[in-house]
Amino acid sequence: SLTIPTAGVLNPQEGTVECWVYVNEAVLRSSNESRKVVFQIPGVNGPSPLGIFLMHHYSQNWYVEVFSDAGTEQYIEVSNAYTPLGWHHFAVTWSNGFVKLYIDGQLRASNSVAFSMPTSFASTGYIGRGNIPLLQHLDSLIDELRIDKIARTDEEIQAWYNSGGPIPFQSGCTYKMDFDN
């Protein structure tokens, strides 16, 4: 698992986190209260330190959960049916309280009512794990991670997925790690 600084990298009002994840049996294995985290960006205000995160949930679905400063939990979810064993591209965008989850370039879930987003993020974000014991290590591989201070469009996410090439460093990108060598 990795940690990243959030200052100047992440914005609670708008952003994108995308990467390739190798979905293996350890990720999909379900046990009571299992939450395998792809990324977590904790909030700092209020009773909940959870912020925004993408995880595979013990219900056998992928979840993007958002916790407001007041501790209100809101989420979108997508079935495992879209992620058989193997590599899959995940992208999460947020803007003006609207959150989207893309899998393999396709929009798979979004909220219809604006979420209450955290007003600020903690100084450290987590890749492959979370910041509390409830959030478990992913137990798999992550490749081609990109974090943007803007919410990428449906077309941008689809085009990058379709290209099959390395993740581009574009305007609005604040953090990129290709994990090569």
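Parameters and conventions
Residues numbered from 1 in each chain as written. Predicted model: local features only at pLDDT ≥ 70, side-chain atom pairs only at ≥ 80, totals over all residues. Heavy atoms only, no water. Helix = DSSP H or I, 4+ residues; strand = E, 2+ residues; numbered from the N terminus. Rg over C-alpha atoms; globule rule 2.2 N^0.38 Å. Buried < 20%, exposed > 50% of the residue type's maximum accessible area, 1.4 Å probe, protein only. Contact = heavy atoms within 4.5 Å. Arc of directions from axis to C-beta. Polar contact = N/O pair within 3.5 Å; in protein donor to acceptor, adjacent residues only side chain to side chain. Phe/Tyr/Trp six-rings, centres within 6.5 Å; stacked < 30°, edge-to-face > 60°. Pairing = 2+ DSSP bridges.

J.: What is the right way to read the overall build of the protein chain from this model?
T.: Scanning the protein chain from terminus to terminus reveals two helices and 12 strands. Along the protein chain, helices (α) and strands (β) appear in the sequence β-β-α-β-β-β-β-β-β-β-β-β-α-β when read from the amino end. A compact globule built from 181 residues should have a C-alpha radius of gyration of about 16 Å, and the protein chain, at 15 Å, falls within 12% of that. Reported as C-alpha extents along the three principal axes, the dimensions of the protein chain are approximately 40 × 40 × 35 Å. Buried positions account for 51% of the 181 residues belonging to the protein chain. Of the contacts formed within the protein chain by residues at least 6 apart in sequence, a portion of 64% connects residues at least 24 apart.

J.: What is the right way to read helix α2 (residues 154-163) from this model?
T.: Three- or four-residue spacings in an α-helix give side chains the same orientation, since the helix completes a turn every 3.6 residues. Of all the residues in α2, the buried ones are Ile157, Gln158 and Trp160. Take α2 and look down its axis: the buried residues cluster within an arc of 165°, on one side only. Along α2, the residues that are exposed and aim more than 90 degrees away from the buried face are Glu155 and Asn162. Where the residues of α2 are buried, they touch β2 (14-23), β7 (86-95), β8 (98-103), β9 (106-110) and β11 (142-148).

J.: What is the right way to read the side chain of Asn111 from this model?
T.: Here Asn111 shows up in the loop between β9 and β10 (124-127). Within the structure, the side chain of Asn111 is placed 2.6 Å from the backbone nitrogen of Val99, a separation counted as a polar contact. A distance of 2.8 Å separates a polar atom in the side chain of Asn111 from the backbone oxygen of Val113. With sequence-adjacent residues up to four places away left out, Asn111 is seen in contact with Ile76, Gly97, Phe98 and Val99.

J.: Would you take a moment to explain the packing of aromatic side chains for this structure?
T.: Remark: the centre distance and the inter-plane angle together describe each pair of aromatic rings, the angle taken between the planes. Within this structure, the stated rule accounts for seven aromatic pairs. On the numbers, 5.4 Å between centres and 65° between planes, the contact of Tyr22 with Trp87 is edge-to-face. Of this pair, Tyr22 sits in strand β2 while Trp87 is found in strand β7, placing the two residues 65 residues apart along the sequence. Residue classification places Tyr22 among the partly exposed residues on the basis of a relative accessible area of 30%. Aromatic pair Tyr63 and Tyr75: ring centres 4.9 Å apart, planes at 35°, arrangement tilted. Here Tyr63, found in strand β5 (residues 61-67), pairs with Tyr75, found in strand β6 (residues 73-79); they are 12 residues apart in sequence, far enough to count as distant. Taken together, Trp20, Trp160 and Tyr161 form an aromatic cluster joined through their ring pairs.

J.: Just checking my understanding: could you explain the pairing of β5 for this structure?
T.: Walk down a regular strand and you will see the side chains alternate between the two sheet faces. Within β5, seven of the seven residues are buried, which leaves it mostly tucked inside the rest of the structure. Side chains Asn61, Tyr63, Glu65 and Phe67 project from β5 onto one buried face, and the interleaved Trp62, Val64 and Val66 project onto a second face that is buried too. Here strand β4 (residues 52-57) pairs with β5 via six bridges, running antiparallel. Residue pairing across strands places His57 opposite Asn61, the latter belonging to β5. Taken together, β4 and the strand that follows it, β5, pair antiparallel across an intervening segment of three residues, in which Gln60 is found at a positive phi of about 75°. Judged from the seven bridges that link them, β5 and β6 form a sheet pairing that is antiparallel. Bridge assignment links Val64 to a residue of β6, and that residue is Ile76. Where β5 folds back on β6, the antiparallel hairpin that results is connected by five residues, among which Gly71 adopts a positive phi of roughly 90°.

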